[in-house]
Amino acid sequence: YDPSFPVDLTTCDREPIHIPGSIQPHGALMVLSEPDLTIIQVSANTPALLGHMPQELLGQSFSLLMGPEALANFRESLANEQIESTALYLLTLALGREGRMFDLIAHRMQGMLIVELEPSTQSDQSVILRVYRMVRSAVTACQRAPTLRAFAQSLAGAVRKLTCFDRVMVYQFQADGCGVVIAEEKDEAFESYLDLHYPASDIPRQARALYLRNWLRLIPDVTYQPVPMLAISPDHPSIPLDMSYAALRSVSPIHIEYLINMGAKASMSISLIKNGQLWGLVACHHHTGPHDLPYDIRAACEFLGHVVSLQIGDKEAAEEAADTIAFQGIQAALVQQMSVANDVVAGLTQFHPNLTNFIDAGGVAVCLEGQHVLMGTTPPEAVVRELIEWLGQEVRDSIFATHSLPQHYPPITPFTAIASGLLAVRLDRTRPNYLLWFRPEVIQTVRWGGNPTKPAEVQEGSAVLTPRRSFEVWKERVIQTAIPWRSCEVAAARDLRRAIIDLVLYKVEELSRLNE
Ligand code: BLA
């Protein structure tokens, strides 16, 4: 640890989580060369699981653990499965001194065959049928859900039913990498995390990249002791072993600390991927004790993750369409009011709905022909006047949207708590007529889950950034910024501008006709 090296969030991004050199202890992992099946690497926990010391296995053939018939079955299923870049269940075999039953899950990596052995739970036919039915009805429920939230709720419910985790959440990433819990199914005993926001650094970049390739990870017991990998020779080319696709991969100790701080005793997450981007995760916690899942259930969850990932784009499009219809409805009402009142300012501000019901913002200012009507939480009128003057001089476009106004206009800095975001619509080319929407600083608007659940500071003499400290660093980074304006919101502002201009032009024409 070099104290002159500043500890920042990139420290998290640099932890090479795909090559931990150890596994979780609920199974054993072997690296085999092909076609001879010589054991090149083995996890140190073989005595407990197989009754063989690792030294007895290294350099030997994998066939030493089984009879000739089992070996033939193993070779046959190996030949039949596509296991490049995905780990798949091969078969269940009796292995080792006591002939214990193991589920064999295999994939290829770095030109080697990686076999993971998990004590078998042997799901019978009725369980498999039940799981299949659950997945099928989950897919249908998600498909039918009318909104993104309803979709996420169905998904959380289905995963909870399949896995019996105490808490199942759907966690959606935002444009800036932060995330929000948009759905939650949990036992009543536990506090809710619904709608809580978490900083981007809680799931660092390399973890997200890994979760794009590998769709599911399980930590059955956060108190586990990592089991080291042992190799036939210390400089074999398979070292360090890339465990990107290994179900038993040992987890980052920082993340383990994070889970313990959250009161989780076991954790699982499933990737949700839209257009090749990590859109979110189904995040599961068990609070009452360790929680393991057999391969069948994990495979069902992973399959469900794949299928519902394909539905996300449709749900978002439906949501966007519904928002646009809502904006159009309010816009029509506003136009009607302006027309009946024969007064643009009154029509936008004095009735219901008014401009504060239109685009989501902390406050609105209507500045027209020298009148300034302020609604909600806005800077004082004098500050708004100066802002308008600056907009008139510096901003050419008729629409100006920013979620970090102080960067463009430093004089607003004392008011960033209420005006970090600005959506400005210019109604007239020559005169300073504007509609302004103000958005408060992010920190003031969303509930952050990071802070209270994460104790501890940067540890003395350690290069590791603890979760609490990361929240502080993150807070500094998002200071003076608001939640960005969505494109459908900017479009709604543009449409309203057009409608007001049309209305005013129509009135002018009407007036000149009457004067003729
Ligand atoms: C991984 N962090 C994760 C994962 C989740 C979260 C879901 C995936 C692993 C898993 O399934 O448990 C975060 N979990 C959350 C969040 C919620 C939740 C936000 O339930 C909200 C409800 N984490 C930090 C900091 C660092 C960090 C500061 O807070 C880095 C210094 C690291 N998180 C970190 C790492 C991983 C991780 C390295 C990868 C773990 C692994 O797969 O090995």
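See above for the structure.
Residues numbered from 1 in each chain as written. Predicted model: local features only at pLDDT ≥ 70, side-chain atom pairs only at ≥ 80, totals over all residues. Heavy atoms only, no water.

Visitor: Quick one: what's the story with the overall build of the protein chain, residue by residue and with numbers?
Guide: A count of helical and extended segments in the protein chain gives 18 helices and 18 strands. Across its three principal directions, the C-alpha atoms of the protein chain cover 105 × 55 × 45 Å. When contacts within the protein chain are restricted to residue pairs at least 6 apart in sequence, those whose partners lie at least 24 apart make up 64%. Separation of charge centres in the protein chain, based on 41 positive and 57 negative side chains, amounts to 4 Å. (Helix = DSSP H or I, 4+ residues; strand = E, 2+ residues; numbered from the N terminus. Contact = heavy atoms within 4.5 Å. Lys, Arg positive; Asp, Glu negative; His and termini not counted. Charge placed at Lys NZ, Arg CZ, Asp CG, Glu CD.)

Visitor: Break down the nonpolar core for me, with residues and values.
Guide: Residues Leu155, Val170, Met268 and Leu304 are the most contacted members of the largest nonpolar core, which totals 36 residues. Counting residues per element, the ones that place at least two in this core are α5 (125-144), α6 (148-163), β7 (167-173), β8 (179-186), β10 (216-219), β12 (266-274), β13 (277-286) and α9 (295-309). If one sorts the elements of this core by residue count, α6 sits on top with eight residues. Apart from the residues within four sequence positions on either side, methionine 268 is in contact with Thr163, Phe165, Leu216, Arg217, Leu218, Val282, Ala283, Cys284, Leu293 and Cys301. Judged by nonpolar contacts, the second largest core, of 27 residues, contains Ile39, Phe62, Leu78 and Leu113. (Core = buried A, V, L, I, M, F, W, Y, C linked by side-chain atoms within 4.5 Å. Buried < 20%, exposed > 50% of the residue type's maximum accessible area, 1.4 Å probe, protein only.)

Visitor: I'd love a proper account of the site of the ligand, names of residues and values included.
Guide: In the region of the ligand, 29 residues are neighbours, and Cys12, Tyr211, His255, Ser267 and Ser269 sit closest. One nitrogen or oxygen atom from the side chain of tyrosine 211 is found 2.6 Å from an oxygen atom belonging to the ligand. Residue serine 269 places a side-chain N or O atom 2.6 Å away from an oxygen atom belonging to the ligand. When isolated, the ligand has an accessible area of 890 Å², and the protein chains bury 99% of it. (Near = heavy atom within 4 Å. Polar contact = N/O pair within 3.5 Å; in protein donor to acceptor, adjacent residues only side chain to side chain. Areas by Shrake-Rupley, 256 points an atom, 1.4 Å probe, with all protein chains shown as cover.)

Visitor: Talk me through the pattern of salt bridges; I want residue IDs and the actual numbers.
Guide: Once the charged atoms of two side chains with opposite charge are near each other, the side chains can pair. The full count for this structure, using the stated rule, is 15 salt bridges. With a closest N to O distance of 3.3 Å, glutamate 56 and arginine 97 form a salt bridge. Of this pair, glutamate 56 sits in helix α3 (residues 54-57) while arginine 97 is found in the loop between β4 (88-95) and β5 (100-109), placing the two residues 41 residues apart along the sequence. Judged by relative accessible area, which is 53%, arginine 97 ranks as exposed. The shortest N-O distance in the salt bridge between arginine 431 and glutamate 369 comes to 3.1 Å. With arginine 431 in the loop between β17 (421-426) and β18 (434-439) and glutamate 369 in the loop between β14 (363-368) and β15 (371-376), this residue pair connects regions lying 62 residues apart in the sequence. Exposure remark for glutamate 369: the relative accessible area of 49% places this residue in the partly exposed category. One connected set of salt bridges, linked through shared partners, spans Asp323, Arg439, Arg486 and Glu489. (Salt bridge = Lys/Arg side-chain N within 4 Å of Asp/Glu carboxyl O.)

Visitor: Mind laying out the pairing of strand β11 (residues 227-231), listing which residues take part and the relevant values?
Guide: Sheet analysis places strand β1 (residues 22-23) next to β11, joined by two bridges and oriented antiparallel. Residue pairing for β11: isoleucine 23 is matched across the bridge by valine 227. (Pairing = 2+ DSSP bridges.)

Visitor: Explain the sheet that holds β10 to me, and be specific about the residues and the numbers.
Guide: Judged by pairing direction, the sheet is antiparallel, and its six strands sit side by side in the order β9-β8-β7-β13-β12-β10 without closing on themselves. At either end of the open sheet lies a strand with only one pairing partner, and these are β9 (197-198) and β10. Here six bridges tie β7 to β13, and the two strands are oriented antiparallel to one another. The partner of tyrosine 171 across the bridge, within β13, is leucine 281. The strands touched by helix α8 (residues 253-261) within the sheet are β9, β10, β12 and β13, with β10 carrying the most contacts at an inclination of about 65°. Contacts from α9 reach β10 and β12, with the element oriented near 30° to β12. (Axes fitted to C-alpha atoms, helices over the stretch in contact; angles between N-to-C directions.)

Visitor: How would you summarise the state of the cysteines if you had to cite specific residues and measurements?
Guide: In this structure the tally under the stated criterion is zero disulfides. With no disulfide partner, cysteine 164 has as its closest neighbouring cysteine sulfur the one in cysteine 301, 10 Å distant. (Disulfide = S-S within 2.5 Å.)

Visitor: Report on the packing of aromatic side chains, specifying residues and quantitative values.
Guide: Scanning all chains against the criterion turns up eight aromatic pairs. Measuring from centroid to centroid gives 5.1 Å for phenylalanine 62 and phenylalanine 74, while their planes differ by 55°, and the two rings are tilted. Within this pair, whereas phenylalanine 62 is found in the loop between α3 and α4 (68-80), its partner phenylalanine 74 is found in helix α4, the two being separated by twelve residues in sequence. Look at phenylalanine 62 and you get buried, because its relative accessible area is 0%. Members of the aromatic cluster, joined through ring pairs, are Tyr171, Phe173 and Tyr198. Directly above the ring of tyrosine 193 sits arginine 167, whose terminal nitrogen or CZ lies 3.7 Å from the centroid. (Phe/Tyr/Trp six-rings, centres within 6.5 Å; stacked < 30°, edge-to-face > 60°. Lys NZ or Arg CZ within 6 Å of the ring centre and 35° of its normal.)

Visitor: Can you tell me about the environment of leucine 511, naming the residues and giving the values?
Guide: Turning to its location among the elements, leucine 511 is positioned in helix α18 (residues 487-515). When its relative accessible area of 54% is taken as the criterion, leucine 511 is described as exposed. C-alpha of leucine 511 to C-alpha of leucine 218: the two residues are 293 residues apart in sequence and 72 Å apart in space.

Visitor: Before we move on, could you go through the pairing of β12 and cite the residues and values that matter?
Guide: Of all the nine residues making up β12, eight are buried; the element is thus mostly covered by neighbouring parts of the structure. Inspection of the sheet shows β10 paired to β12 by four bridges, in the antiparallel sense. Its bridge partner being in β12, leucine 218 is matched across the sheet by methionine 268. Relative to β13, β12 runs antiparallel, the two being bridged by nine bridges. Within β13, the residue paired with isoleucine 273 across the bridge is leucine 278. Hairpin remark: β12 followed by β13, antiparallel, with two residues in the connecting loop; positive phi at asparagine 275, about 50°.

So yeah, pure geometry; function would need other evidence.
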